[in-house]
Amino acid sequence: MAMNGRMMEAKGIAQRFLQYVDQSPSPFHAVEEAVKILAGSGYSKLREDEPWMATVKPGGKYYYTRNGSTLVAFAVGEQYKSPNGFRIIGAHTDSPVLTVKPRPACKAEGYLKVGVQVYGGGQWCTWFDRDLKVAGRLVVRGEDGVLRQRLVHVPRPILRVPTLAIHLNRGLNTEGFKFDLEKELVPVIAAELEGQGEGIFLEAVAAEAGVTAEQVVDFDLVLADCQPSAIGGAREDYIFAPRLDNLMSSFLSLEAMVEAGGLADDTGVRMCVLFDNEEVGSTSYAGANSDIVERAIRRLAVTLAGDASPETADLAFKNSFLISADMAHAVHPNYAARHESQHKPQIGQGLVIKTNANQRYATNASTGAALRELARRRDLPIQDFCVKNSSGCGSTIGPMLSSRGLRTVDVGQPQLSMHSIREMCGVLDTYYCRSLFKAFYEEFESIDRELRKTVD
C-alpha cells in the first residue's frame, strides 16, 4: 500500500482510538468499551466460574473478564488441532493515576479536598493545574439489599490540584518543581461552607451513578484529565491523549483480532489479553503475574481436545507465543543524549522491538527474528530499542509470562511523554502496529512452525 493510502487508513484508526480512550477514563471503562467492540464483532460472553465444555468450539469467538478490569478474548480456528498453540497479544488497561483514598474527605483553610493515593510511577507534576474528573466503579446496596457493581464517570471538572504561585516559590525555575506527594498533591473540590458536610465528593459521584451516597458500600475511583484527546501537529501527524501507555496497545490488539481474516483455515487459537495492575508490578488477582494466562491456555486446551491429560495442556502451552505489547520510548528531540546512540526509535517509523540483556524485556534472538520475518513479509518497518548501560530500564508483562515457559517478544509503539497526564505518539504508527498485530493472527503460525524445527 502506498504511503498516502497507509496514512489515510491510519487516520481512521486514530480517530477510532480517540473515541475509545476518551470513553475509557478507568480500567473498568476500558474493559467495558473493549467488550462493546467484541460483542459487535460476534464474540460471545463466557464466565470464568462456569463450565465451557459444551460452549467453546472450533470456529467460535469468545471473551470473559476478571474483576471488570482485565479481559481475555479468543477465537478458535475452525481447523484447530490439539495440541496446537495459542497466538497471544498481551497489553494492559491501567496507567499511572491518582486513586481516591477509602476515606477521602479532608479540609484545610476554608477548602474541601479529596485525599488521593499515587498509583504507579507517574509524572505527578503534570497533574497540577489540570481540570480533573472522576471515574471507576461503585459497589452499591440496592433497595432490595443486594450488592451490585456499577460503573460511574463524572465527565465534568470537579477537582483541581492548584500550583503555588511563583511569587511564593521563587526557586521554582532554578531549583525545580518539588512537592510533597502526601501534603501538596491533594485536589480541591469545593469551598467549605457552614452547614454543608465534607461528603460532597461522594455525594457528587453517587448522584452521577443514580444512587445516594448512603447506598455506596465501597469504590475503586480514579482521577482523569477532562481535556479530550486530539490529533495534532501541522500535518496532523500526532496523537495527543491521556493513557496512551497502554490503552493504545490494548485498542490496536483488539482491532487486529476482530479484523483478522483466515479463521476458517486456522489450526490454532488467537488470543488477546488486557491486564490490569501492570503499572504496579502485576502481582494481583487481575494482573499478568496471576494465573489468568496459564489457566486460560490449559483450560481451553483441555476443552478443545476433550482430553483431561496434563500433557495436552503442557504441549499447548509450549507451542504458544506471546507478543507483549507496551508503548516504547521514542527519541526526544530535546533530550536525545538520553538514548543509546544506535537505538533511537522515531515516531512515525514503525513498531519497536525492545531488548534488554538483563531480561527487563523478554525478547531474544529467536522471538525477535520471528517478528522481524513477519514484518518483512508484510513490508512493515521495524525499529529497535535498548537502554544505555548508564540508564535504568523499565519492564513489562513480558518477562514474568516468559518465565513461565511462554515464548515472548516485547514490542511497543514509540511515544513521548510516557507516564505524563498527556502523552504523544504518531498517527502513522497506529497503522504499522495494527497491521503487524493483524499479521500475527493471520500468518504467524507458519513462521513459528518452521522456526521451532531448530529452536526449542
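Residues numbered from 1 in each chain as written. Predicted model: local features only at pLDDT ≥ 70, side-chain atom pairs only at ≥ 80, totals over all residues. Heavy atoms only, no water.

A. Geometry of the nonpolar core. Of all hydrophobic cores here, the largest spans 93 residues; its most connected members are Phe-17, Phe-74, Ile-239, Ile-323 and Phe-437. In terms of residue count, helix H10 (residues 427–451) provides more of this core than any other element does, 13 residues in total. Within the second largest apolar cluster, 33 residues are counted, among which are Trp-127, Val-154, Ala-206 and Val-216. (Core = buried A, V, L, I, M, F, W, Y, C linked by side-chain atoms within 4.5 Å. Buried < 20%, exposed > 50% of the residue type's maximum accessible area, 1.4 Å probe, protein only. Helix = DSSP H or I, 4+ residues; strand = E, 2+ residues; numbered from the N terminus.)

B. Highlighting helix H1 (residues 3–22). With 20 residues, H1 extends 28 Å between its outermost C-alpha atoms, agreeing within 8% with the 28 Å of an ideal straight helix rising 1.5 Å per residue. Among all positions of H1, only Arg-6, Met-7, Ala-10, Ile-13, Ala-14, Phe-17, Leu-18, Tyr-20 and Val-21 are buried. The buried residues of H1 all sit within an arc of 155 degrees when viewed along its axis, so they share a single face. Summarising the geometry of H1, the exposed residues directed more than 90 degrees from the buried face are Asn-4, Met-8 and Gln-19. (Expected span 1.5 Å × (residues − 1). Arc of directions from axis to C-beta.)

C. Broad picture of the pattern of salt bridges. By the definition in use, this model includes 33 salt bridges. For the salt bridge of Asp-49 with Arg-47, the shortest nitrogen-to-oxygen distance reads 2.8 Å. Using a relative accessible area of 55% as the deciding quantity, one classes Asp-49 as exposed. The salt bridge partner of Arg-47 is Glu-50, with a shortest N-O separation of 3.9 Å. Taking the relative accessible area as the measure of exposure, Arg-47 reaches 42% and is therefore partly exposed. One network of salt bridges, with partners in common, ties together Glu-373, Arg-376, Arg-377, Arg-378, Glu-442 and Glu-443. (Salt bridge = Lys/Arg side-chain N within 4 Å of Asp/Glu carboxyl O.)

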